[in-house]
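Structural overview for review
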Amino acid sequence: MDIRNGIRLQFDGAVAIVTLDMPPVNALGLDNYQEITRTFDRLGDMASVRAVVLTAAGKAFCAGVDMKKRGQAVKDDGDTWSYLRAARESFYAIRECKKPVVAAINGVALGAGFGLAAHSDILIASENASVGLPEIDVGLMGGGTVVQSMFSPSTARRMMFMGYRMTAAELYRLGLIEACVPPEALMETAMSFARELAAKSPTAMRYAKQTMNTISEMPARESYRFEQNMTAELSKTPDAREAVLAFMEKRAPNFTGS
């Protein structure tokens, strides 16, 4: 197990487990943002890793920005922009990681904490979890881009303008998370998802994630063309050929990531 700047990293077979560990509520500072980015960039390049679980220690997933640490980091001209850039890049390091990321939301995920979870590929939560954007009450703005892509216009504005928190049960009812489970079952459920993802072809997974990230911002005609082009490229790879052979021979595939 490795822990740096409040980010704990450990491995279970082909699954990497990234745990936010900044007591008491896993609030984020500049050093944490930078470590999250470094960690997910590193995992993306590790051939031994095929899936990632992102979770947190304690009762909170992440309470958002650590206002005290933010005050210490933002003192001079230009500091605000560097700080905001670091936060943004930590979200996109998760989204752009070459490996699929399962967010296991164990408690409140507020502000930037919700951003970390929302940029994961598959979201699950414990029954006592909730998400929200409380920034309006501390002189900041929340992640409108995130909530606008997930919720109806009215709900997105309610969350951003009013700091409304949505429970895990409601997220599940709306189809925004894949499971809402008792707290004691959260990691078991997350690992089940991650192990199934890890069993897929790493090459196909890489193509699939890149495709989903790209087409989410394209008009339908262009996105379908891009997806078909990626399918054509994937079909030329050794892993794709192995998938076809395994299917024809009625055996489990042996993927090499090539």
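The structure we're discussing is the one just above.
Our subject in this report is the structure included herewith.

Thresholds applied
- Residues numbered from 1 in each chain as written.
- Predicted model: local features only at pLDDT ≥ 70, side-chain atom pairs only at ≥ 80, totals over all residues.
- Heavy atoms only, no water.
- Helix = DSSP H or I, 4+ residues; strand = E, 2+ residues; numbered from the N terminus.
- Contact = heavy atoms within 4.5 Å.
- Buried < 20%, exposed > 50% of the residue type's maximum accessible area, 1.4 Å probe, protein only.
- Pairing = 2+ DSSP bridges.
- Right-handed = clockwise from strand over helix to strand, strands pointing away.
- Axes fitted to C-alpha atoms, helices over the stretch in contact; angles between N-to-C directions.
- Parallel < 35°, antiparallel > 145°, perpendicular 65-115°, else oblique.
- Left-handed = near helix turned anticlockwise from the far one by under 90°.

Inspection of the secondary structure assignment puts Leu 176 in the loop between α7 (168–173) and β10 (179–181). Spatially, the C-alpha atoms of Leu 176 and Thr 214 are 20 Å apart, while their sequence positions differ by 38 residues. Ignoring anything within four residues of it in the chain, the contact list for Leu 176 reads Leu 123, Met 150, Phe 151 and Leu 171.

The next subject is the pairing of strand β4 (residues 51–56). Counting buried positions along β4 yields 6 of 6 residues, so the element is predominantly enclosed. Along β4, one buried face is formed by Ala 51, Val 53 and Thr 55 and the opposite face, lined by Val 52, Leu 54 and Ala 56, is buried too. Bridge count for strand β3 (residues 15–20) against β4 is 6 bridges, and the pairing is parallel. Across the sheet, Ala 16 pairs through a bridge with Val 52, a residue of β4. Handedness of the crossover is the feature at issue here: the chain leaves β3, passes through helix α1 (residues 30–45), returns alongside β4, and the resulting connection is right-handed. Inspection of the sheet shows β4 paired to strand β5 (residues 101–105) by 3 bridges, in the parallel sense. Among the inter-strand pairings, Val 52 is bridged to a residue of β5, identified as Val 101.

With that out of the way, let us pick up unusual backbone geometry. Pro 23 connects to Pro 24 through a cis peptide bond whose omega is 5°. Phi angles above zero are rare outside glycine, and Asn 26 is one such case at about 60°. Relative to the assigned elements, Asn 26 resides in the loop between β3 and α1. For Asn 26, a relative accessible area of 2% puts it in the buried group. If you check the backbone angles, Lys 250 has positive phi at about 55° while not being a glycine. Tracing the chain through its elements places Lys 250 in the segment after α11 (238–249). Exposure remark for Lys 250: the relative accessible area of 78% places this residue in the exposed category.

What follows covers the packing of α1 against helix α3 (residues 79–96). Running from N to C, α1 and α3 cross one another at 30°; their axes reach a closest spacing of 8 Å. Here α3 runs roughly parallel to α1, going by the angle between their axes. For the pair α1 and α3, the crossing hand works out as left-handed. Contacts from Leu 30, Tyr 33, Ile 36, Thr 37, Phe 40 and Asp 41 of α1 reach α3 at Tyr 83, Ala 86, Ala 87, Glu 89, Ser 90, Ala 93 and Ile 94.

For the rest of this paragraph, the subject is the pairing of strand β2 (residues 7–12). The pairing of strand β1 (residues 2–4) with β2 spans 3 bridges and is classified as antiparallel. For Arg 4, the partnering residue across the bridge sits in β2 and is Ile 7. Following β1, the chain reverses through 2 residues before pairing antiparallel with β2; Asn 5 in that reversal takes a positive phi of roughly 50°. Bridging between β2 and β3 involves 6 bridges; their strand directions are antiparallel. Residue pairing for β3: Arg 8 is matched across the bridge by Thr 19. The loop that links β2 with its antiparallel partner β3 comprises 2 residues; one of these, Gly 13, has a positive phi angle of about 65°.

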